[in-house]
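# Structure at a glance
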Amino acid sequence: MSVAPGTAGVLVDRYGRVARDLRVSLTDKCNLRCTYCMPAEGLPWLAGPELLTDEEVIRLVRVAVERLGVTEVRFTGGEPLIRPGLVGIVTAVAALTPRPRVSLTTNGIGLDRLAPALRTAGLDRVNVSLDTLDPERFTRLTRRPRLDAVLAGLAGAAAAGLSPVKINSVLMRGVNEDEAPALLRFAVDHDYQLRIIEQMPLDAQHGWDRDTMVTAEEILTSLRTAFTLSPDPAERGAAPAETWLVNGGPARVGVIASVTRPFCGDCDRTRLTADGQVRACLFATEESDLRAALRTGADDDEVARRWRAAMWGKRAGHGIDDPTFLQPTRPMSAIGG
């Protein structure tokens, strides 16, 4: 049932979807330069005063949890581990009532050192980006020789109890499309959960090409050369990944087919950028400014009202298949995953 904005304490849109999963970008900066995300020289970063302060991040998450029904908070970037106040932010968010589930998406560099403190602060689990297990290929893809640091981060997260530890991988034609079986074998052997993601049009260079994208069907075909996959009987719900049991289970693998098998009809996400903009969709071309509301004296009720109004305007789908589709001006590193 559609609900007019402002009449319910949830983030509902005109199609009846309710956003309970909040993705919070803590910085647009990153210590890698992945070729499918940004150019080698990096990007024009947000200036310090444009970023939400730690207190502003915590306040907005509190409004989302206490007044808008958010039950899951995922911190993203850029690279969130380089945010100096990360542990304090996690501590404050994990102390909210009702307590949300708190997770983090990271490239894993430095996670081995921070994982114990983050676990103590209340972090529940992590997703670590890893697209290749080959050191040379990793260096070409990320422009940094840091594969060992990522692997150490994964091990450190598992040792700290941040489970399930999930791996996010993007396959690219002519780059690492052959690595799906090896990545899954690595994940199964270490008790991690692999998620392979179709490459999306969110690169700063706007060089994405659907014709060269490795599709979900190709990913599954590659995995089946080495594993038996059977449908996961567990309810998918609003999860972006469609999952399969590996060799009968209990190991699972997921494929996030945002382009070829969109799941917009079940989307339950709302996004907050590092400079305080609400985005109703990863591919939205519009944003609503909550930073300005905070800094001009808006109370929590007004912030919540603006957030609900922003989500009411969410479109039915991302529209990648529409001939009029326009890639967002902001790249993925500035939006948050």
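Residues numbered from 1 in each chain as written. Predicted model: local features only at pLDDT ≥ 70, side-chain atom pairs only at ≥ 80, totals over all residues. Heavy atoms only, no water.

### Overview of the pattern of salt bridges
Overall, the coordinates contain 23 salt bridges when judged by the stated rule. Taking the shortest distance from any N to any O, the salt bridge between Glu177 and Arg173 comes out at 3.7 Å. Among the residues examined, Glu177 registers a relative accessible area of 31% and is labelled partly exposed. What makes Arg173 partly exposed here is its relative accessible area of 34%. Salt-bridge contacts for Glu286 lead to Arg315; the nearest nitrogen and oxygen are separated by 2.6 Å. Here Arg315 lies in the loop between helix H9 (300–312) and helix H10 (332–335) and Glu286 lies in the loop between strand S13 (277–279) and strand S14 (288–289), a separation of 29 residues in the sequence. Accessibility expressed as a relative area gives 53% for Arg315, which makes it exposed. Via salt bridges that share partners, Arg59, Arg62, Glu66 and Asp300 belong to a single interconnected network. (Salt bridge = Lys/Arg side-chain N within 4 Å of Asp/Glu carboxyl O. Buried < 20%, exposed > 50% of the residue type's maximum accessible area, 1.4 Å probe, protein only. Helix = DSSP H or I, 4+ residues; strand = E, 2+ residues; numbered from the N terminus.)

### Digging into the nonpolar core
Residues Val24, Val61, Phe75, Val126 and Trp307 are the most contacted members of the largest nonpolar core, which totals 90 residues. No other element matches helix H1 (residues 54–68), which puts 7 residues into this core. Those residues in contact with Val61 that sit more than four places away from it in its chain are Leu22, Val24, Val73, Val93 and Leu96. (Core = buried A, V, L, I, M, F, W, Y, C linked by side-chain atoms within 4.5 Å. Contact = heavy atoms within 4.5 Å.)

### A closer look at unusual backbone geometry
The amide bond that connects Thr97 to the next residue, Pro98, takes the cis arrangement and shows omega of 0 degrees. With an omega of 5 degrees, the peptide bond between Gly249 and Pro250 qualifies as cis. With respect to the helices, strands and loops of the structure, Pro250 is situated in the loop between strand S10 (242–246) and strand S11 (252–256). At Arg143, a position not held by glycine, the phi torsion is positive, near 65 degrees. Mapped onto the elements, Arg143 comes out in the loop between helix H4 (135–142) and helix H5 (147–159). Although it is not a glycine, Asn247 adopts a positive phi angle of roughly 50 degrees. Structurally, the position occupied by Asn247 is in the loop between S10 and S11.

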